[in-house]
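In case you want the letters, here they are:
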Amino acid sequence: MIGLDVIAISGLLTLAANTVQCTVPKAPSVKITPISRPIEYDFTQSSEELGKLKSGTINPYAAGVDTTTGGLRMDTPVTTLEVKWGIAKYERQNVACFWYDQVNVSIKLQPRIFVASDNKGKKCREAVLGHELKHVEVDREVINKYSQNVGKAIQSAVNNAGAMGPYNAVDIEAIQEQMVSHINSAVSSQELLLHKEMSYRQNDIDSLEEYERVSAICRAEKEKTAKKKRRSRY
């Protein structure tokens, strides 16, 4: 990570104020909190309706082949950033020093699992739920790892920044905006790695073998139910 220093604050120059020495009074606090909400379940949509939703994973079957397992998981991490800074103002020189005081990041997951309404057999539903729960577990594992990487990136950026200034007091708002922007960049630097790992980990779950396993359970249960109905007619 490139640290935030006097050069990184574009368009603003430190002032040659010999009487002002900017320092960091205490070590900045960096806190990353991954949160996973309880899973929401939806059993109201048909297999056809679920097929129209995007799962974001690669289909292991050839085009035109019915791959419906009757389930889907959806989740999108939501990142919230809070940056608190310290300011020391020197009225006589009309300058100010800046430093990072606290950086708090929360990364929230809200998993939703859909099971097709036409999958009414107990074994089939259990198989579909088990498959989708694997996806949720991977989401949580990758987000926990991502949270640690984000924390390291932010800590590096904050440490490299150190004490900033002195800057002209009229530039306070502009400097604060760029301090937040720099932390946003540290978070964004990890997003590509997150998406790459999430993609291949989830694709491993959606293997041809796994699809066939779940489909076989559901197919066998449907056939068994159909036989019972035929027998009951006679």
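Rules of the game
Residues numbered from 1 in each chain as written. Predicted model: local features only at pLDDT ≥ 70, side-chain atom pairs only at ≥ 80, totals over all residues. Heavy atoms only, no water. Helix = DSSP H or I, 4+ residues; strand = E, 2+ residues; numbered from the N terminus. Buried < 20%, exposed > 50% of the residue type's maximum accessible area, 1.4 Å probe, protein only. Contact = heavy atoms within 4.5 Å. Pairing = 2+ DSSP bridges. Axes fitted to C-alpha atoms, helices over the stretch in contact; angles between N-to-C directions. Phe/Tyr/Trp six-rings, centres within 6.5 Å; stacked < 30°, edge-to-face > 60°. Parallel < 35°, antiparallel > 145°, perpendicular 65-115°, else oblique. Left-handed = near helix turned anticlockwise from the far one by under 90°. Nonpolar A, V, L, I, M, F, W, Y, C, P; charged D, E, K, R; others polar. Polar contact = N/O pair within 3.5 Å; in protein donor to acceptor, adjacent residues only side chain to side chain.

Asks: What's the story with the overall build of the protein in this structure? I'm lost.
Replies: Assigned secondary structure in the protein consists of five helices and seven strands. The linear arrangement of helices and strands in the protein, starting from the amino end, is β-β-α-β-β-β-β-α-β-α-α-α. The buried share of the protein, taken over its 234 residues, is 38%. The long-range fraction of contacts in the protein, counting pairs at least 24 apart against all pairs at least 6 apart in sequence, stands at 84%.

Asks: Help me understand the sheet that holds strand β6 (residues 112-115) in this model?
Replies: Backbone hydrogen bonds hold the strands of a sheet together, and the pairing may be parallel or antiparallel. Sheet architecture is open: three strands sit in the order β2-β6-β3, paired in mixed fashion. Looking along the sheet, the strands with just one partner apiece sit at the ends: β2 (40-42) and β3 (71-74). Geometrically, the sheet is characterised by an average inter-axis angle of 15° between neighbouring strands, direction not taken into account. One ladder, built from four bridges, connects β3 with β6; its direction is antiparallel.

Asks: When you look at the packing of aromatic side chains in this model, what are you seeing that I'm missing?
Replies: By convention here, two paired aromatic rings are described through the distance between centres and the angle between planes. Enumeration over the complete set of coordinates arrives at two aromatic pairs. Where Tyr41 meets Phe43, the ring centres are 6.3 Å apart and the plane angle is 15°; that geometry is what we call stacked. What makes Tyr41 partly exposed here is its relative accessible area of 44%. Taking relative accessible area as the criterion, Phe43 reaches 31% and is therefore assigned partly exposed. Relative to Tyr167, the ring of Phe98 has its centre 6.3 Å away and its plane inclined at 55°; by these criteria the two rings are tilted. In this pair, Phe98 is assigned in strand β5 (residues 95-109) and Tyr167 in strand β7 (residues 164-168), connecting sequence segments 69 residues apart. For the pair Phe98 and Tyr167, a shared accessibility class is recorded, and that class is buried.

Asks: Help me understand the packing of helix α2 (residues 122-161) against helix α4 (residues 191-205) in this model?
Replies: Packed helices, taken two at a time, are described by the angle between their axes plus the distance between the axes. Their axes nearest at 10 Å, the elements α2 and α4 cross at an angle of 155°. Taken together, the axis directions place α2 and α4 in an arrangement best described as roughly antiparallel. Crossing handedness for the pair α2 and α4: right-handed. The residues of α4 that touch α2, namely those facing His131, Lys134, His135, Val138, Asp139, Glu141, Val142, Ile143, Lys145 and Tyr146, are Glu191, Leu194, Glu197, Met198, Arg201, Gln202 and Ile205.

Asks: What exactly am I supposed to notice about the pairing of strand β4 (residues 78-90) here?
Replies: Consecutive residues of a regular strand have side chains that alternate between opposite faces of the sheet. Bridging between β4 and β5 involves 13 bridges; their strand directions are antiparallel. Bridge pairing in β5 links Glu82 to Asn104. The turn joining β4 and β5, which pair antiparallel and follow one another in sequence, is formed by four residues; a positive phi near 60° is taken by Asn94.

Asks: When you look at the packing of α2 against helix α5 (residues 208-232) in this model, what are you seeing that I'm missing?
Replies: At a minimum axis separation of 7 Å, α2 and α5 run at an interaxial angle of 160°. For the element pair α2 / α5, the angle class is roughly antiparallel. When you trace α2 past α5, the crossing you get is left-handed. From α2, Lys122, Lys123, Cys124, Ala127, Val128, His131 and Lys134 reach across to α5, where they touch Glu210, Tyr211, Arg213, Val214, Ile217, Cys218 and Glu221. Tallied by class, the residues present in the contact of α2 with α5 amount to seven nonpolar, one polar and six charged.

Asks: What is the right way to look at the side chain of Gln202 in this model?
Replies: Relative to the helices and strands, Gln202 is located in helix α4. Given a relative accessible area of 2%, Gln202 falls into the buried group. In this structure the side chain of Gln202 is engaged in a polar contact, spanning 2.8 Å, whose partner is the side chain of Asp139.

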